[in-house]
Amino acid sequence: MICGRKARRAAEQPRSPPDGSGGSRRPGRALKKMGLTEDEDIQRMLRGSLLWKIKSRGGPRERLFRLQEDGATVCSEGGFRHPGSRQSWQAQEPRPGRPGRGGCPPLGARAHQADGAAASHESTGEARPGVLQRADRNKDNKMSFREVKSMLRMINIDMDDGYAYKLFKECDRSGNERLEGRELEEFCRRLLRRPELEELFGRYSGEDHVLSAEELRDFLRDQGEDASLRQARAVIRTYELNEKARQQDLMMLDGFMMYLLSAAGDILNQEHTKVHQDMSQPLCHYFISSSHNTYLTRNQIGGTSSTEAYVRALMAGCRCVELDCWEGSDGEPIVYHGHTLTSKILFRDVIESIRDYAFKQSPYPVILSLENHCGLEQQTTMARHMKAILGDMLLTQPLDGQDPHNLPSPEQLKGKVLVKGKKLPEPWHEPQGVTSLLDHEEEEEEEEEEEEEEEKLQERSSRPSLQSLQEIKPLQAKDASQVAPELSAVVVYCQAVPFPGLAHALRHPRPCEMSSFSERKARKLIKEAGPALVRYNARQLSRVYPLGLKMNSSNYNPQEMWNAGCQLVALNFQTPGYEMDLNAGRFLGNGRCGYVLKPPCLRSPPGEGPRRLALHVRVITAQQLPKLNREKGSSIVDPFVRVEIHGVPADCSKQQTHHKLNNGFNPRWEETLSFQLRVPELALVRFVVEDYDSTSCNDFVGQFTLPLASMREGYRHIHLLSKDGASLSPATLFVHVRCKSL
């Protein structure tokens, strides 16, 4: 279900205690919850201890410190010699009136103060003492910044060095570049503190700061999850750090924070990180992750060609890669971008890389989109290499028992490599009877489009190199318009043909044939006959590719092509930008296998209309946003968050928060952005963080894109990515998501 399940109650509203009074809960509730009422240490703390308060001026004073029966408050009273004075404070906060001095830790959760607080975040989930001692290499009971970083690594806390050092300096009261005693306690407390999570925890646990299994179940249900007491207890056993609380099926604040920061608290539905869709439908019923000019590592004019580019694309889940094949001077076909200065690689080496990496990320079929400029002899060599290198991976015959009127499914084609190319009419004659395929009309049309683009480009900017590039003549055989029988034989389900027109294609569907469209031709078809194109794509495959004369290998918006049901929407994977963000988001679900089932309205049009949806995103906070200029120590971002909806034209929208000045560590917005969607099944949601600049363009900080159908409701963390899709850990957003059917 899109955006998870509908919340049982409004999770954003603070909850009152069970008695309805809004005041404190009954005394001793926390201790009874934890089964500690008979504990000897707790009894001793309840009776209190006499301590001496030492002051720089005046003599020492006797004080009686006692834990109150709520388990969360500490009270100090004048001793027998100085009765009458009395103070109390919450155990989890610093003592009132003494900022920065550190206070008593909350019961159980931080019983070992700084060492316990740090150890509580170890990856094992167990609070092990001695972390500080292990990080203190010279055993002087003081921590340098280098030793603090070592401690953070030990307890599996990923923190930006700049923010860690800033916090280190703020806690270094003595100014000696060492933390000791209360300085270190303050560092650990401030490092781990998340006020917004503490507030959320308090809404469900009440003032005793202990979450029972029943209260955790209520929280999980408000998150939109169908949770039971058994599931709540399982969450406690997995994430609670305090052994005593875990034994009593209770959760403390630290365990609650660990849960929300884990994969279980991620905005991406974790069920969608595995293949969960029906994979038994025809190939044309899926969006298929596709790459254009896959061999390029940079731009398509003078960039480098590399087999590594194929490896990266395949490991990113790409299932359709392109090979521009040209005549090699030594009889070996080569792959590169013709008429340009791009470097050349051997066709044989590309096929070997595909063999080695085709199915490491996904078991579902890989399509080789061949752009063939070779003569008959080297075409035969291409076919020989594919058969010899790929072996049984290469599909050379139709599947037994497959209905010729329907394409096979990804499930049927698991582990297979399909070739997209020209197919000779059957039967053909060997090999003198080689047939030329008459697709000149299509080639002329594409050439006209590219010439028009070239004229516009030359009008806008005089580029002397453009003409010289056109004079670079690649080695192309005179018989390249013909097809060798050996190469034709390996083309089965992806037979490249000129587009016959929508009217003819709909009257005479041929599922094994497919056509390719430039982005401009695809837009024209969508504008003039969008519904007919959707029906065409429900029966046959189509491929869309970027215009050929984009000097910088820029991309187009793939969403408009997906809206029309186009399956193979090919992009330049080597060019980062919002277009590739959308592509990564589209194929983020279904286990990142490169195949995503199209919604019903695109598989069997016109079909039943999708349900309308209202989406509300409350942007709460961000954590540890990266600095954009690390060389400038004072460079701090002024962040704001923009939420974008990419879908059918009526749904496309974006809204943003206000910016926060000079705060990239823990900015807080508490702003709600609302959207209405008519076709939520096609919508992608993109979260973008930018650095506000009043005098120039805002700078990109990070983003994360996912399908609305894979987004979970409730309080969720979003782990931000860089421009090229790399993790920006530990940078996150914390949001609350709510969906409502209209």
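Structure report, in brief. (Residues numbered from 1 in each chain as written. Predicted model: local features only at pLDDT ≥ 70, side-chain atom pairs only at ≥ 80, totals over all residues. Heavy atoms only, no water.)

## Quick look at helix H10 (residues 229-239)
Now for step 1: Among the residues of H10, Ala 232, Val 235, Ile 236 and Tyr 239 are the ones counted as buried. Each buried residue of H10 sits inside an arc of 100° when the element is viewed along its axis, so together they form one side. In H10, the exposed residues that point more than 90 degrees away from the buried face are Arg 230, Arg 237 and Thr 238.
Now for step 2: Contact partners of the buried residues in H10: helix H9 (213-222), helix H11 (243-247), strand E6 (250-251) and helix H12 (253-261). (Buried < 20%, exposed > 50% of the residue type's maximum accessible area, 1.4 Å probe, protein only. Helix = DSSP H or I, 4+ residues; strand = E, 2+ residues; numbered from the N terminus. Arc of directions from axis to C-beta. Contact = heavy atoms within 4.5 Å.)

## With respect to the environment of Phe 287
Now for step 1: Assignment of secondary structure puts Phe 287 in strand E7 (residues 286-291).
Now for step 2: A relative accessible area of 1% means that Phe 287 is categorised as buried.

## Let's talk about the nonpolar core
Now for step 1: By size, the foremost hydrophobic cluster in this structure holds 53 residues, and its most contacted members are Phe 187, Leu 615, Phe 687, Met 711 and Leu 733.
Now for step 2: Of the residues forming this core, the biggest block, six residues, is contributed by strand E25 (residues 727-741).
Now for step 3: Cys 318, Cys 325, Ile 354 and Leu 390 belong to the second largest nonpolar core, which has 31 residues in total. (Core = buried A, V, L, I, M, F, W, Y, C linked by side-chain atoms within 4.5 Å.)

## A short note on empty space enclosed by the protein
Now for step 1: Taken as a whole, this structure holds two cavities of 30 Å³ or more when the rule is applied.
Now for step 2: A volume near 70 Å³ is recorded for the second largest cavity.
Now for step 3: Along the walls of the second largest cavity sit Glu 196, Glu 199, Leu 200, Arg 203, Arg 618, Ile 620, Arg 668, Glu 670, Tyr 715 and Phe 734, which together make up its complete lining.
Now for step 4: In terms of residue count, the dominant contributor to the lining of the second largest cavity is helix H8 (residues 195-205) (four residues).
Now for step 5: Of the residues belonging to the lining of the second largest cavity, the class tally is four nonpolar, no polar and six charged. (1 Å grid on protein atoms, 1.4 Å probe; cavity = no way out; pocket = protein on both sides within 12 Å on 5 of 7 lines; lining within 4 Å. Points joined across faces, edges and corners; volume = space filled by probe spheres on them. Nonpolar A, V, L, I, M, F, W, Y, C, P; charged D, E, K, R; others polar.)

## Describing helix H7 (residues 182-192)
Now for step 1: Counting buried residues in H7 gives eight out of 11 residues, a clear majority hidden from the surface.
Now for step 2: Listed in full, the buried residues belonging to H7 are Glu 183, Leu 184, Glu 186, Phe 187, Cys 188, Arg 189, Leu 191 and Leu 192.

## Things to note about the side chain of Asn 572
Now for step 1: For Asn 572, the position within the fold is in the loop between strand E16 (568-571) and helix H22 (578-586).
Now for step 2: Apart from the residues within four sequence positions on either side, Asn 572 is in contact with His 292, Asn 293, Pro 546, Ser 553, Ser 554, Asn 555 and Met 580.

## Some remarks on the state of the cysteines
Now for step 1: The full count for this structure, using the stated rule, is zero disulfides.
Now for step 2: Cys 374 carries a free sulfur, and the closest cysteine sulfur to it, the one in Cys 325, is 5.7 Å from it. (Disulfide = S-S within 2.5 Å.)

## Notes on the environment of Cys 652
Now for step 1: Within the secondary structure layout, Cys 652 lies in the loop between strand E19 (639-646) and strand E20 (653-656).
Now for step 2: Take Cys 652: its relative accessible area is 43%, and that puts it in the partly exposed class.
Now for step 3: Sequence separation between Cys 652 and Phe 675 is 23 residues; the distance between their C-alpha atoms is 9.5 Å.
Now for step 4: Discounting residues that sit within four places of it in the chain, Cys 652 has contacts with Ile 645, His 646 and Gly 647.

## Section: unusual backbone geometry
Now for step 1: Between Ser 729 and Pro 730 the backbone carries a cis peptide bond, its omega angle lying at 15°.
Now for step 2: Looking at the element boundaries, Pro 730 is found in strand E25.
Now for step 3: Although it is not a glycine, Asn 141 sits at a positive phi angle of roughly 60°.
Now for step 4: Looking at where Asn 141 falls in the secondary structure, it is placed in the loop between helix H4 (131-135) and helix H5 (145-154).
Now for step 5: One non-glycine residue, Asp 249, lies in positive phi territory at about 60°.
Now for step 6: For Asp 249, the position within the fold is in the loop between H11 and E6.
Now for step 7: Note on Asp 249: relative accessible area 23%, which makes it partly exposed.

Function-wise, these values are silent; they only describe arrangement.
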